[in-house]
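# Reading the structure
Here is how the chains run, residue by residue.
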Amino acid sequence: LRQMGYDFTTDEEQARIIVLNTCAIREHAEQRVLGNLGALVHVKRRHPEQIICLCGCMAQEAHVAEKVRQSFRHVDLVFGPHVLWKFPEFIHTLLTQRGRIFSNADDPGSIAEGIPVVRQGGVKAWVSIMYGCNNFCSYCIIPYARGRVRSLPLEQCAHEAQALAEAGYQEIVLTGIEISSWGQDLGDGLSLIDAVEAICRALPGHIRVRLGSLEPRTITPEFCRRAAALTNLCPHFHLSMQSGCDTVLARMNRKYNSAQYYESVKLLNEAYETPGITTDLIVGFPGETEEEFQQTLAFIRRCAFSAMHIFPYSRRTGTPAATLPGQVPKAEKEARARRAAAVAEELRAAWLERWVGETLTVLFEEEKEGLWRGHAPNYTEVFAPGEGLHNVIKEVKITGIHRDGLKGSVLE
């Protein structure tokens, strides 16, 4: 769009093109999206030349696209993630021809390469190394909306990371819908650790590489041995958990039990001195009893996570879990989320206290209220006074706890 002469605005009245990007995971997301689209009809009436676009995972769902086609005639373009690379072509067509465009084909095809990457902030950048998911967890719509696993080829992973490092980014985050499955579709026997090694070795030693969310099956003795040998790989591992109770995990159709999950945590703690291990937790899954929830609380204490994301179960139409018996009332789900959050806060406080008096290497990102904010390799947030620290890596002596992170002084 910039190459076409456009710039960005936050003013709907000034915009020539309005893009609504969507996610399909949370309950009631569809109602909110359709509500936002409905509100834009008044803007379009005032500015009939506007192009209004709906994209993202929800746009990939056929019933949503049909609702927009029938009831939201002010929307000009609907397209799913599989054809993101066609966006400039769609805009050109709408600018030069009459009509509307709906492109949400089910066939995802392969990952389109060569899409220009533009990141704001100039500190961290993301490389999407795979799309799609084969797991079919019972609560999740993603495999239906995003298709099967498609991996970015090894050489392309390294090339994109190199290009971002050359553009000045100090940290490269490897992301995707389910990066643990990277390589499954390539047919050459490669796995995620092969991609991580190729990327780390293609970059200068001071450029950080951080992994996105991982499935516990990724953490094997071989993975830990090879990962620990990569000096620029951050010792931060986000291990997707969802529940610490085996019966709930089975209903979720997760591919591990709590013993296997804990073995992953144990392997990481053996391979690294003090790795940051974070996770996700869903509470109030259909059929979850108080006893099952108590098992989860005991399990997260045992794992001693450095941070957690906690969500009440969100019922998603079209998933097997939406029709399971024993749907937990909203008030109970929210109460359990608060109880789990209290345990997570205890674990977080112990994690932060462990670093007081230590020295951490911090990549600073922004200045906020007189302090520079950044992250240590273990993903702990660190605040420190200073000048001109944007995109600078410094050693910081930790002196205390600040907000949900640490504070310290920069060592010269």
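See the structure printed just above.
Keep in mind it's a predicted model, so treat the numbers as computed, not measured.

### Thoughts on the sheet that holds strand β4 (residues 101–103)
- One open sheet accounts for 4 strands, arranged β1-β2-β3-β4; its pairing is parallel. Edge positions in the sheet fall to β1 (17–22) and β4, since each of these pairs with one other strand and no more. Ignoring which end each strand starts from, the neighbouring axes of this sheet average 10° apart.
- Sheet topology note: the β1/strand β2 (residues 51–56) ladder contains 6 bridges and is parallel. Following the sheet pairing, V19 is matched in β2 by C53.

### Some details on the side chain of S306
- Residue placement: S306 occurs in the loop between α11 (290–303) and β11 (307–312).
- Among all residues touching S306, those that are not within four sequence positions of it are G276, I277, T278, R348 and W351.

### Overview of the pairing of β2
- Most of β2 is tucked away: 6 of the 6 residues are buried.
- In this structure, β2 lies alongside strand β3 (residues 77–79), joined through 3 bridges in parallel fashion. Bridge pairing in β3 places L54 opposite V78.

### Concerning the environment of L152
- Here L152 lies in the loop between β6 (150–151) and α6 (154–166).
- In this structure L152 comes out as buried when scored by relative accessible area, which is 1%.
- Considering only alpha carbons, one finds L152 and R403, 251 residues apart in sequence, at a separation of 38 Å.

### Remarks on the packing of aromatic side chains
- A full pass over the atoms with the stated rule returns 9 aromatic pairs.
- A centroid spacing of 5.2 Å and a plane angle of 75° characterise the contact between F285 and Y313, whose relative ring orientation is edge-to-face. With F285 in the loop between β10 (276–283) and α11 and Y313 in the loop between β11 and α12 (330–355), this pair connects stretches of sequence that are 28 residues apart.
- Judged by centre distance (5.5 Å) and plane angle (70°), the ring pair of W351 and W355 falls under edge-to-face. Placement of the pair is W351 and W355 together in helix α12, with a separation of 4 residues, close to one helical turn. When sorted by exposure, W351 lands in the same class as W355, which is buried.
- Through successive ring pairs, a cluster of aromatic residues spans Y256, Y261, F299 and F305.
- Stacked on the ring of Y262, the Lys or Arg R302 has its end atom at 3.7 Å from the ring centre.

About the thresholds
Along each chain, numbering runs from 1 in the same order as the chain's sequence is written. Only residues with pLDDT of at least 70 get local features here, since the model is predicted, and only at 80 or more are side-chain atom pairs given and counted; chain-wide, interface and lining totals rely on the full set of residues. To obtain the side-chain values, all non-hydrogen atoms of the structure were used and water was disregarded. Any two strands with at least two DSSP-identified bridges between them are counted as paired. Secondary structure is summarised from DSSP: a helix means a run of H or I of at least four residues, a strand means a run of E of at least two, and numbering begins at the N terminus for each. Note on geometry: axes are C-alpha line fits, over the in-contact stretch for helices, and angles between N-to-C directions span 0 to 180 degrees. Note on definitions: a residue-residue contact is assigned when non-hydrogen atoms from the two residues lie within 4.5 Å. Only protein chains enter the accessibility calculation, which uses a 1.4 Å probe. A residue is then buried if its area is under 20% of the maximum for its type, exposed if over 50%, and partly exposed in between. Classification of ring pairs rests on two measures: the distance between centres of Phe, Tyr or Trp rings, Trp counted by its six-membered ring, which must be within 6.5 Å, and the angle between planes, read as stacked under 30 degrees, edge-to-face over 60 and tilted in between. Charges are assigned to positions over rings by a cutoff of 6 Å between ring centre and Lys NZ or Arg CZ, combined with an angular limit of 35 degrees from the ring normal.

Keep in mind these numbers describe shape, not what the thing actually does.
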